[in-house]
Amino acid sequence: MRDTWPLVAVLVTLLLTTFSLSTVVWSIAGLARVASKARRGAVQPAEHPSGASAHPAAPTPARRLVPADVAILIAAHNESLVISDTIRSAASQVPLSNVFIASDGSSDDTVAIGERAGASVLDLFPNRGKAGALTAAIEHFALRDRFEVVLLLDADTQLRGNYLTTGLPLFDEPDVVAVAGRATTVPYPRPTTRMGRLLTDHRERVYVFVQYLQKYGQAARGANAVTIVPGFASMYRTSVLEHVDIAAKGLTIEDYNMTFEVHAKRLGRIAFDPGCAIAETQDPVTLREYTSQMRRWSLGFWQTIRRHGMHQGVFWTSLFVGVVEVLFGSVVLALILPAFLISLLAWLSVEVWAMGGETAQLAAAIAGTLPPIIIAAGLLVPDAIMTLIVAFITGQRPHATALLFPFVRILDALICLRALVDAYLRPSDGRWRSPTRRAFSEAHS
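All of the points below concern the structure found in this document.

Calculation rules
Residues numbered from 1 in each chain as written. Predicted model: local features only at pLDDT ≥ 70, side-chain atom pairs only at ≥ 80, totals over all residues. Heavy atoms only, no water. Helix = DSSP H or I, 4+ residues; strand = E, 2+ residues; numbered from the N terminus. Buried < 20%, exposed > 50% of the residue type's maximum accessible area, 1.4 Å probe, protein only. Contact = heavy atoms within 4.5 Å. Areas by Shrake-Rupley, 256 points an atom, 1.4 Å probe, with all protein chains shown as cover. Core = buried A, V, L, I, M, F, W, Y, C linked by side-chain atoms within 4.5 Å. Patch = residues over 30% accessible without salt bridge, like charges linked within 9 Å, V, L, I, M, F, W, Y side chains within 5 Å. Salt bridge = Lys/Arg side-chain N within 4 Å of Asp/Glu carboxyl O. Axes fitted to C-alpha atoms, helices over the stretch in contact; angles between N-to-C directions. Parallel < 35°, antiparallel > 145°, perpendicular 65-115°, else oblique. Left-handed = near helix turned anticlockwise from the far one by under 90°. Nonpolar A, V, L, I, M, F, W, Y, C, P; charged D, E, K, R; others polar. Pairing = 2+ DSSP bridges. Expected span 1.5 Å × (residues − 1). Phe/Tyr/Trp six-rings, centres within 6.5 Å; stacked < 30°, edge-to-face > 60°. Polar contact = N/O pair within 3.5 Å; in protein donor to acceptor, adjacent residues only side chain to side chain.

### Points about the overall build of the chain
Along the backbone of the chain there are 16 helices and 10 strands. Here the chain holds 445 residues, and the buried ones make up 54% of them. Within the chain, counting contacts between residues at least 6 apart in sequence, those at least 24 apart form 79% of the total. Summing over all exposed atoms, the chain offers an accessible surface of approximately 20,400 Å²; the carbon and sulfur share of this is 62%.

Next comes the structure, spelled out in structure tokens:
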């Protein structure tokens, strides 16, 4: 029995890199929300003016928000390939006069295309980064005074047709100050390269897993522990934006910081429901673009942790546990390939090459303590279970690319650890370089 403990420890360690304590806790909280909704199912919710049903437990506000109350603000930097379709998507949700563009030092036709499409455009020079562009546009267009809600929209994002009809009712609860949009990768067209299919399939699995099994539970009323209101397509009450330092110095991205500001200043609750406020975003289809985006996201996370530190409360406790789990999982995944290779060589030395002497004894000890089959199974089996869970949630069969997801996770871990070092050594001015875009019109056709 004593000899089995190392194997059990290895399996449990690798299992925790996929299914952390936080995932279990927030999944249970999410199931509790589902059960609570089911118990209230017999109570007919009030009809929202936009056609969607209001949350059955929500108090009736003095005046429910309608699309005319919403300004859509698009941050753009050299987005001529996609900006027209993004404006069209925004204008399908609100009057065109409610669509605004902050062009941050664009050197292409972004400004001209936006103006021809009928949007209000602020042309900024020199570029100051996404957060700076958003701040400038909010002030320039007086959005806090003119609208109840601002929807921050990335230039490569398409809003689902029911984005506002499902998302606005979440503001019926007066203490909700932000609605986190649900991200899903653009389903059309499926990338033509193997690498593109692998990366987008992996990203979609991450979206589903995190948003259903973690974020939905984090958004429970008693928790209010949502870690990020993603900047690709999310909404804020304009009344809280004056209290949020959007363009804080030294940060690569703004959305983590804006979320932490809401929690740190106790501005209100963040709402999220995977069936509401859904938008489709273009995910990278080349390894270079994927690595660049992951580094940017990871760097922004660690920079925000560095800026805010830790405080008391459910969110901060959850964040601390999550940070420990991220570090633990990243280190384990970063070491797993070297550990597997060492274990495999040790096993081959004993079982195939029949080496003798002290080298054989060391190899036997290594292979006996960490058999390569155990390491491989500990990585692949939990990952396969994760894929099956996501397939059950979505009702879609996994693609063959799922076999390679563990290797993308290892890449993510390495990027995460590198970004942690950079966050404390390399400050950022927030300026951006737009990734390669794919025309939405071609995708639709």
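### Considerations on the nonpolar core
Ranked by internal contacts, the top residues of the largest apolar core, which has 37 residues, are Ile-72, Ile-74, Leu-151, Tyr-163 and Met-235. For this core, the element with the highest residue contribution is strand E1 (residues 70-76), accounting for four residues. Counting residues in each nonpolar core, the second largest holds 34 residues, with Ala-131, Val-150, Val-177 and Val-240 among its members.

### Points about a nonpolar patch on the surface
Residues Leu-337, Leu-403, Leu-404 and Phe-407 make up a contiguous nonpolar surface patch of about 400 Å² in total accessible area. With respect to the helices and strands, the residue Leu-337 is situated in helix H12 (residues 314-351). According to the relative accessible area criterion, Leu-337 is partly exposed, its value standing at 37%.

### Overview of the packing of helix H11 (residues 287-308) against H12
One can describe the packing of H11 onto H12 by two numbers: an axis separation of 13 Å at closest approach and a directional angle of 135 degrees. As far as their axial angle goes, H12 and H11 are oblique. Crossing geometry of H11 relative to H12 is assigned as left-handed. Side by side, H11 and H12 meet where Phe-301, Trp-302, Ile-305 and His-308 of the first sit next to Trp-316, Leu-319, Val-323, Val-326 and Leu-327 of the second. Tallied by class, the residues present in the contact of H11 with H12 amount to eight nonpolar, one polar and no charged.

### What to know about the sheet that holds strand E6 (residues 176-179)
With mixed pairing, seven strands are arranged side by side in an open sheet as E3-E2-E1-E4-E8-E6-E9. Every other strand in the sheet has two partners, leaving strand E3 (120-124) and strand E9 (269-271) as the edge strands with one partner each. Across the sheet, the mean angle separating the axes of adjacent strands is 25 degrees when strand polarity is ignored. Pairing of strand E4 (residues 149-154) with strand E8 (residues 233-237), which is carried by five bridges, proceeds in the antiparallel orientation. By the bridge assignment, Val-149 is partnered in E8 with Arg-237.

### Some words on the environment of Ala-68
Looking at where Ala-68 falls in the secondary structure, it is placed in the loop between helix H2 (21-39) and E1. Along the primary structure Ala-68 and Glu-148 are separated by 80 residues, whereas in three dimensions their C-alpha atoms are 9.1 Å apart. The contact partners of Ala-68, leaving out residues within four places of it in the chain, are Pro-95, Asn-98 and Phe-147.

### With respect to helix H15 (residues 405-425)
Under the 1.5 Å per step criterion, the end-to-end length of H15 is 31 Å for 21 residues, consistent within 8% with the ideal 30 Å. Among the residues making up H15, those that are buried are Phe-405, Pro-406, Val-408, Arg-409, Ile-410, Asp-412, Ala-413, Ile-415, Cys-416, Ala-419, Asp-422 and Ala-423.

### Focus: the packing of aromatic side chains
For the structure shown, the criterion picks out eight aromatic pairs. With a centroid separation of 4.8 Å and an interplanar angle of 80 degrees, the aromatic rings of Phe-315 and Trp-316 are classed as edge-to-face. Taken together, the aromatic side chains of Phe-100, Phe-141 and Phe-147 make up a single cluster linked through ring pairs.

### Describing the side chain of Ser-103
Tracing the sequence through the fold places Ser-103 in strand E2 (residues 99-104). Ser-103 sits in the buried class, given a relative accessible area of 0%. Here Ser-106 takes part through its side chain, which lies 2.8 Å from a polar atom of the side chain of Ser-103. Other than its neighbours up to four places away in sequence, Ser-103 contacts Ala-76, Thr-110, Val-111, Val-121, Leu-122, Asp-123 and Leu-124.

### Side note on the pattern of salt bridges
Under the counting rule described, the total for this entry stands at 20 salt bridges. With a closest N to O distance of 3.4 Å, Arg-221 and Asp-175 form a salt bridge. Separated by 46 residues along the polypeptide, Arg-221 in the loop between helix H8 (194-218) and E8 and Asp-175 in the loop between helix H7 (163-167) and E6 bring together distant segments of the chain. Note on Asp-175: relative accessible area 29%, which makes it partly exposed. Across the salt bridge formed by Glu-261 and Arg-307, the nearest N and O atoms sit 2.9 Å from each other. A residue pair is termed long-range when its members are at least 10 positions apart, and Glu-261 in helix H10 (residues 255-264) and Arg-307 in helix H11 qualify at 46 residues.

### Description of the sheet that holds strand E10 (residues 278-281)
Pairing is mixed across the open sheet formed by three strands, whose spatial order is E5-E10-E7. A single partner strand is all that each edge strand has here, and the edge strands are strand E5 (157-159) and strand E7 (182-185). Between one strand and the next, the sheet's axes are offset by a mean angle of 30 degrees, whatever the strand orientation. Relative to E10, E7 is paired through four bridges, and the arrangement is parallel.

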